[in-house]
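Coordinates in review
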Amino acid sequence: MSKRQLLKNLILMVIMFVTIHFSAQEKKFTGNPDVAFKIARELAFDGKRKQAQDSLKLILTKYPNYLDIRAFLASTYSWDGKYDMARKEFKYVLEKEEKRKTDWIAYIKNEQYAEKYYNALELSLKALQIFPNDPDIIQLKAKSQVNRGNREEALTTIKKAVELYPDNEDLKSYENSLSTLLSFNTLGISFSADYYDLNSDNGRANMYYSSLSYSRQTKYGSINTRINYSNRFETDNYQFEIDLYPRIADGLYAYVSGGFSNSPLNPTQRYGFELFKSLPKSFEASLGFRWLKFSTETTIYTGSVGWYTGNSYWAFRTYITPGDPGTSKSGRLIYRKYRSDADNYFNVEVGFGASPALDRFAPGFTGDEIFQLDSQALVFGYFFSTKSKKNMWGFNASLFREEKPFSKGDYFLYTSLGVSYAVRFK
């Protein structure tokens, strides 16, 4: 703590001591309530909420109907997660004076934070009787309906509000968000290409990839299906994949995947399973495996650790593949910077080590050989949605440094560019 901050806190405590005179036995307030309230607010906003709450309660011993003080005390309780105590104070204030819109809003939000969504909805309806068609309270009503699982009703509520207030950007933005929530289906398409130097001795022509995907959100989790096409080593390859993300419990979900192909450069079968668990301090961890069947079978063990901090997300994922001539390892460090929501972000990835999750074949081989080649990757991506949240675009550019399959220790560079598009619909 700086000397300036220390001095500020000392002055606040001295003023509080001089302003609030009371004996240890009686604990009765005898100072100026306005001055004491101002100091208590500064203490609360300075992170000293316990001292602030003690001061506010002391003032209320003499001025129990000083409603601004009682309402602020209720708000500090709500900030601390003491929702029952906040509820008691908000109720007292609004029974004394019902036309206090700010306190109605704070009271409704307190019930939402407490996950008392029925109470929040009932309070919203009562508040709208006092403040008819108020846009802020209508939006809280819609949010309470969403939290109770009535998304269609919420959309109807917010659409009526937008008709009343067509220039209200908050209402229109929330309407778009609700429309997205109700768009359970997503159809997507993607294209990418790996570009090689044809004059080098890496023996590769450019490679092309595309996919057509369909996903649906259900109450049990999402289901994603995908048809992949690639042209690698001047050979056409097709693959069908399905991914499931079932929700098991709060903070626990799984990844279940399967893939099938009769193309020469894809595994004939591919399966995957992984468990994801939310941890304290905004961390998340996972552990699972991938199983590939070519003419031989390969099992890859994988796990990750992720951390959400503000609008940023950091993650590290590793792949470990036991086998001959030894166990191969690779890792990838991922950073995402989110903007407005999960559809809008900037992405950077750094990869290193062998990449057993990728097919690595060379011309002239039978398909039995999977090269465990050393490689490094640098990936940049930018993903965004339109204002309606129904259309989503993605662009990525990558640089790879890869070991040559016929000359261990020698490397070549190649780049990759990709674009994706998806649309949500009911």
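Our structure is the block above this text.
Analysis parameters
- Residues numbered from 1 in each chain as written.
- Predicted model: local features only at pLDDT ≥ 70, side-chain atom pairs only at ≥ 80, totals over all residues.
- Heavy atoms only, no water.
- Pairing = 2+ DSSP bridges.
- Helix = DSSP H or I, 4+ residues; strand = E, 2+ residues; numbered from the N terminus.
- Buried < 20%, exposed > 50% of the residue type's maximum accessible area, 1.4 Å probe, protein only.
- Contact = heavy atoms within 4.5 Å.
- Polar contact = N/O pair within 3.5 Å; in protein donor to acceptor, adjacent residues only side chain to side chain.
- Phe/Tyr/Trp six-rings, centres within 6.5 Å; stacked < 30°, edge-to-face > 60°.
- Salt bridge = Lys/Arg side-chain N within 4 Å of Asp/Glu carboxyl O.

Looking now at the pairing of strand S6 (residues 269-279). As paired elements, strand S5 (residues 252-260) and S6 share nine bridges and run antiparallel to each other. Bridge pairing links Ala254 to Leu275 in S6. In this structure, S6 lies alongside strand S7 (residues 283-293), joined through 11 bridges in antiparallel fashion. Note that in S7 the partner of Glu274 across the bridge is Gly288. In sequence, S6 turns back onto S7 through a hairpin of three residues, with Lys281 there showing a positive phi of about 65°.

Moving on: the environment of Asp136. Within the secondary structure layout, Asp136 lies in helix H8 (residues 135-147). Classification of Asp136 by relative accessible area gives partly exposed; the value is 36%. A C-alpha to C-alpha distance of 9.5 Å links Asp136 and Lys101, two positions 35 residues apart in sequence. Aside from chain neighbours lying at most four places away, what touches Asp136 is Lys101 and Ile105. A distance of 3.0 Å separates polar atoms of two side chains, one belonging to Asp136 and the other to Lys101.

Right, let's get into the side chain of Asn110. Counting through the fold element by element, Asn110 comes out in helix H6 (residues 101-113). Exposure remark for Asn110: the relative accessible area of 0% places this residue in the buried category. Side-chain polar atoms of Asn110 contact the side chain of Glu111, separated by 3.0 Å.

Scanning the model with the defined rule gives 25 aromatic pairs in all. When the centroid spacing of 4.9 Å and the interplanar angle of 15° are considered together, the rings of Phe400 and Tyr414 count as stacked. With a gap of 14 residues between them, Phe400 in strand S13 (residues 391-404) and Tyr414 in strand S14 (residues 407-425) connect regions that are remote in the sequence. Comparing Phe400 with Tyr414, the two get one shared label, buried. By way of ring pairs, the aromatic residues Phe37, Phe45, Tyr66, Phe72 and Trp79 are connected into one cluster.

With that settled, consider the pattern of salt bridges. Summed over the entire model, instances satisfying the criterion amount to 21 salt bridges. Between Arg70 and Glu89 there is a salt bridge, with its nearest N and O atoms 2.7 Å apart. With a gap of 19 residues between them, Arg70 in helix H4 (residues 67-79) and Glu89 in helix H5 (residues 83-96) connect regions that are remote in the sequence. Glu89 shares its class with Arg70; the two are buried. Note that Glu349 is salt-bridged to Arg332, the shortest N-O span being 2.9 Å. Of this pair, Glu349 sits in strand S11 (residues 345-354) while Arg332 sits in strand S10 (residues 328-338); the two residues are 17 residues apart in sequence, bridging distant segments of the chain. Its relative accessible area of 27% is what places Arg332 among the partly exposed residues. What you see here is one network of salt bridges that share partners, running through Asp68, Glu97, Arg100 and Asp103.

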